[in-house]
Amino acid sequence: MTSTGMRSEAEDSGPSGYAAARLRLLQEGARSGPPRRAALAELTDDWLTGLFDAGAHGLRGVSLVAVGGYGRGELSPRSDLDLLLLHDGSDSGAVAALADRIWYPVWDLGLALDHSVRTPTEARKTAGDDLKVQLGLLDARHLAGDLGLTAGLRTAILADWRNQAPKRLPELQELCAERAERQGELQYLLEPDLKEARGGLRDATALRAVAASWLADAPREGLTEARRRLLDVRDALHLATGRATDRLALQEQDQVAAELGLLDADTLLRQVYEAARVISYASDVTWREVGRVLKSRAVRPRLRAMLGGGAKPAAERSPLAEGVVEQDGEVVLARAARPDRDPVLPLRAAAAAAQSGLPLSLHAVRRMAAGARPLPTPWPAEAREQLVTLLGSGRPTIEVWEALEAEGLITRLLPDWERVRCRPQRNAVHIWTVDRHLIETAVRASELARRVGRPDLLLVAALLHDIGKGWPGDHSVAGEIIAKDVAARIGFDRAEVAVLATLVRHHLLLIETATRRDLEDPATVRSVAEAVGSQGTLELLHALTEADALATGPAAWSTWRGSLVADLVKRVAAVLAGDVPEEPEAVAPTAEQERLAIEAFRTKGPVLALRAQTETPAEEPAGDPEPLGVELLIAVPDQPGVLPAVAGVLAMHRLTVRTAELRALDLPDSVQGSVLLLNWRVAAEYGSLPQAARLRADLVRALDGSLDITARLAERDAAYPRRRGSIAPPPRVTVAPAASRHATVIEVRAHDAPGLLHRIGRALEDAHVRVRSMHVSTLGANAVDAFYVTAPDGAPLPGEEAASMARSLEETLRG
């Protein structure tokens, strides 16, 4: 049915006819995007006009006005209807009756309605008091009734807005900033609010309001398309959920992507991020221009008075670098600059802007994007130095980099950047897209530059370490190949290229080894030393590891993780210096351990001791010590089921296990007995640590079977908060090859949940293996736990037996 036919049905049949025509329109597969929104607005216009005409009965001095998004003719499937019944005040009773004749049919259909009844004077006063009302009225559109009344209000509102712009625009900017602080940045969120987040539809509307003030205007290139794309996604979201929602939740993304004909949810998110980035950049440029104009307006009267009313003085231009100057708080090109003859100019201008902490002017960036010559291969030394200067400038680097990226200059300099640009990371630990994470890592690396002998290599490695995430397979392996190519193109020599490739290939080596392997095992240290190769590379890799973790998110780095990495680096440095690590000998028990063991044997039950461990960060000598965890010593008479019992009790008490060592301790001949000694490092999830007496009491009950840990943890698990619709990937259990000469290393990757270690411990007990030690690493919702296990005789497991046990453990965890 044509839109004309649908309109006729809506007019003839009242609310039911409108509802049927609306439903058919929304179910039409052929129409979507702007045509569907416009058709829906037109259909709604005709229906509301019919309601108005039927209720007005010749009433004069009244009009029906659409405002806000409906005023712009942009109706999404579940959008509110924003309506103003405007009247001249001559017959308020008749106007109230007319309002009922319009509002109630809308409510009866279950449509959301934002309505008001006002005279023009009241509307202007309300707009003056409430910025949101004024913004809605800027898009006022006449629907029915007295056209002159509507036109008069529109003219008055626009005039008020332009007259009050110096006061209202700063208020609008503050409103946008508060919303961004509350909702976050659309271009980085995994579950973004398409309307409220920074770079969303609200910001696009704010840019329209700034343009209407005639005070400044937004960069228009790409802005209309970005706004259209977000509206299309919101339409699909409304249709997929059947609700008036603007939040693109994880569980809806596949369906929304399918509705839009996109490949998958990642493609959807990338398009949303690209649109948000355009709007965010346009907002930055626009608000900067608003500030510059308002500042110049404030200064100009004083200058004219000083100059006797003469000509406007020329703006001051301060040189920053060759072809680059500062003017009005921005970095612009000098009048003599020739982008077509100076291929290094974009990097030189960017470096100068970042070093001075100033934004790059939009005009300068566009001039360079339009006319800059491509750099030769390899780059000249100056280009490489300017890139390093840009990356080493700290926090200002981000804004400058985004300005270059907005006009396509980054992908022109580094073509491989295109594959990581706006690429989402579906990992709760990561708070940024891949490209922003790379820049954040460079910023963090700049803070560590004085710790290394080659800060230039550190900064470039930071920029490239995740560049392989745009390719299939292991991103470290793919990244190594890309890093070699990029480093050679940038102009590094063969030895420097090799170092950069090693850093990218092994950027996860230190953190993964430190948190998942036994650092007392010489095989662990030797394997890292062989991969790194030199002291200089180790130094760079240490700094890159810290910068990468800090740029990932708060869950990826801590004093505890830092202490483990530092310990590993110290051991590897010793090997690289020629010190061969000796095979570990059985360490004699300390006096405290021996005392606990004897008491456990004497009492025939568990004995434990808690001791806090702290460390004061070296860079903050005056600060309070940061807890690294609590050392928990447990001595238990040798018996089956100790590991799962202890792990279960700790889980019940909400204690997170970080590392654990288990050993059988033979008591002195005078006692003649064997005791299991467990040395664990734990931390409280929240709140204070439980008392040792409570832990011991529950451990006694767990060991004698009177405490059903499995049932208790199942209750906890049932109450464990889960994101609706999210499905964790299945557990994976592997045997780490050549990880230790003394034990078989079983690595478990699984969704972290209460009692996971308890379940693993039970499975290992059932497999009749001994656990020497375990190393627990948790990032967000993902646990990666390494278990050093042996056969009952203390030897590593044969290859096929180890593989079979890993498969069995994986099946158990999946069940």
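Residues numbered from 1 in each chain as written. Predicted model: local features only at pLDDT ≥ 70, side-chain atom pairs only at ≥ 80, totals over all residues. Heavy atoms only, no water.

Scanning the chain from terminus to terminus reveals 31 helices and 15 strands. Counting only residues that meet the buried cut, the chain has 52% of its 815 residues in that class. Long-range pairs, those at least 24 residues apart, make up 70% of the contacts in the chain with a sequence separation of at least 6. When the accessible surface of the chain is totalled, it reaches about 36,900 Å², and 51% of it is carbon and sulfur. (Helix = DSSP H or I, 4+ residues; strand = E, 2+ residues; numbered from the N terminus. Buried < 20%, exposed > 50% of the residue type's maximum accessible area, 1.4 Å probe, protein only. Contact = heavy atoms within 4.5 Å. Areas by Shrake-Rupley, 256 points an atom, 1.4 Å probe, with all protein chains shown as cover.)

On to the nonpolar core. The tendency in soluble globular proteins is for nonpolar side chains to be buried as a group. Counting residues in hydrophobic clusters, the biggest one holds 94 residues, and the most contacted among them are L360, W379, W401, L414 and W417. Non-local contacts of L360, meaning those with residues more than four positions away in its chain, are made with R288, V331, A349, A350, A353, V365, V400, A403 and L404. Core analysis: the second largest hydrophobic core is formed by 51 residues, V642, A651, L757 and A791 among them. (Core = buried A, V, L, I, M, F, W, Y, C linked by side-chain atoms within 4.5 Å.)

A few words now on the packing of helix α19 (residues 455-464) against helix α21 (residues 494-505). When two helices pack together, their arrangement is given by the angle between the helix axes and the distance between those axes. For the pair α19 and α21, interaxial distance at closest approach is 9 Å and the crossing angle is 45°. By the criterion of interaxial angle, the relationship of α19 to α21 is oblique. Classified by chirality, the crossing of α21 by α19 is right-handed. Contacts between α19 and α21 involve L457, V460, A461 and L464 on the former and, on the latter, E496, V499, L500, L503 and V504. By residue class, the composition of the contact of α19 with α21 is eight nonpolar, no polar and one charged. (Axes fitted to C-alpha atoms, helices over the stretch in contact; angles between N-to-C directions. Parallel < 35°, antiparallel > 145°, perpendicular 65-115°, else oblique. Left-handed = near helix turned anticlockwise from the far one by under 90°. Nonpolar A, V, L, I, M, F, W, Y, C, P; charged D, E, K, R; others polar.)

What follows deals with the confidence of the model for the chain. For the chain, mean pLDDT is 87; residues scoring 70 or higher make up 89% of the total. The model gives residues 615-627 a pLDDT under 50, and that stretch makes 14 contacts with residues more than four places away or in other chains. (pLDDT = per-residue confidence, 0-100.)

Our focus in this paragraph is the sheet that holds strand β6 (residues 324-327). The three strands lie next to each other as β5-β6-β7, forming an open sheet whose pairing is antiparallel. Each edge of the sheet is formed by a strand with only one pairing partner; in this case those strands are β5 (318-321) and β7 (330-333). Ignoring strand direction, the axes of neighbouring strands in this sheet form an average angle of 40°. Two strands pair when backbone bridges link them, and β6 and β7 are joined in this way by four bridges, in the antiparallel orientation. Counted as the bridge partner of Q327 is E330 from β7. (Pairing = 2+ DSSP bridges.)

With that settled, the discussion passes to the packing of aromatic side chains. Two numbers describe a pair of aromatic rings. These are the distance of the centres and the angle of the planes. Here the structure, examined in full by the defined rule, presents four aromatic pairs. An angle of 85° between the planes, with centres 5.1 Å apart, marks the rings of Y104 and W107 as edge-to-face. Here Y104 pairs with W107, and both are found in helix α4 (residues 92-108), just three residues apart, close to one helical turn. Owing to a relative accessible area of 46%, Y104 belongs among the partly exposed residues under this scheme. One cation-aromatic arrangement involves R384 over F492; the distance from NZ or CZ to the ring centre is 5.5 Å. (Phe/Tyr/Trp six-rings, centres within 6.5 Å; stacked < 30°, edge-to-face > 60°. Lys NZ or Arg CZ within 6 Å of the ring centre and 35° of its normal.)

Another point: the packing of helix α18 (residues 434-447) against helix α24 (residues 535-552). Across the interface, α18 lies against α24 with an axial gap of 8 Å and an inter-helix angle of 125°. By the angle class used here, α18 and α24 are oblique. With respect to the hand of their crossing, α18 and α24 are arranged in right-handed fashion. Only L544, A547, D548, L550, A551 and T552 of α24 make contact with α18, whose side of the interface consists of H437, E440, T441, R444 and A445. Of the residues in the contact of α18 with α24, the class split is five nonpolar, three polar and three charged.

Spatial ordering of the open sheet is given by β3-β2-β1-β4, a layout of four strands whose pairing is mixed. A strand with exactly one partner marks an edge of an open sheet, and here the two such strands are β3 (113-118) and β4 (141-145). The mean angle between the axes of side-by-side strands here comes to 20°, regardless of whether they run parallel or antiparallel. Bridge analysis of strand β1 (residues 62-66) against strand β2 (residues 81-87) gives five bridges, and the strand direction is antiparallel. Along β2, the bridge assignment pairs S63 with L86.

Let us now look at the pattern of salt bridges. For the structure on display, the rule yields 56 salt bridges. Note that D435 and R277 form a salt bridge whose closest N and O atoms lie 2.6 Å from each other. One end of the pair, D435, is in helix α18; the other, R277, is in helix α12 (residues 265-306), and 158 residues separate them in sequence. This pair shows no difference in class: D435 is buried, exactly as R277 is. Beyond isolated ion pairs, a larger network of salt bridges with shared partners links R37, E225, R228, R229, D232, D235, R270, E274, E418 and R421. (Salt bridge = Lys/Arg side-chain N within 4 Å of Asp/Glu carboxyl O.)

Structurally, the α-helix is built with 3.6 residues per turn, so residues lying three or four positions apart point the same way. With seven of eight residues buried, helix α22 (residues 509-516) is to be regarded as a mostly interior element. Regarding α22, the residues found buried are L509, L510, I511, T513, A514, T515 and R516.

With respect to the element layout, D793 can be found in the loop between β15 (782-790) and α31 (799-814). A distance of 3.0 Å separates a polar side-chain atom of D793 from the backbone nitrogen of A795. (Polar contact = N/O pair within 3.5 Å; in protein donor to acceptor, adjacent residues only side chain to side chain.)

Let us now look at the environment of E407. Take E407: it is sitting in the loop between α16 (396-406) and α17 (409-413). A relative accessible area of 23% means that E407 is categorised as partly exposed. Remark: the alpha-carbon pair of E407 and V365, spanning 42 residues in sequence, is separated by 7.0 Å. At a separation of 3.3 Å, a polar atom in the side chain of E407 contacts the side chain of R366.

A word on unusual backbone geometry. For residues that are not glycine, phi is negative in most cases, and the peptide bond is trans in most cases. Here T377 and P378 are connected by a cis peptide whose omega angle stands at -5°. Residue placement: P378 occurs in the loop between α14 (362-371) and α15 (381-391). Non-glycine residue R654 carries a positive phi angle of around 55°. One can find R654 in the loop between α27 (642-652) and β10 (655-666). Judged by relative accessible area, which is 32%, R654 ranks as partly exposed.

A word on the side chain of D456. Tracing the sequence through the fold places D456 in helix α19. There is a polar contact of 2.8 Å between the side chain of D456 and the side chain of R454. Setting aside residues up to four positions removed in sequence, D456 forms contacts with V388 and F492.

Before going further, it helps to spend a moment on α14. Three or more residues of α14 are buried, namely L362, A364, V365, M368 and A369. The buried side chains of α14 occupy one side of the element, clustering within an arc of 165° when seen end-on. Opposite its buried face, α14 presents the exposed residues H363 and A370, each directed more than 90 degrees away. (Arc of directions from axis to C-beta.)

Within the secondary structure layout, H437 lies in helix α18. Separated by 115 residues in sequence, H437 and T552 place their C-alpha atoms 6.6 Å apart.

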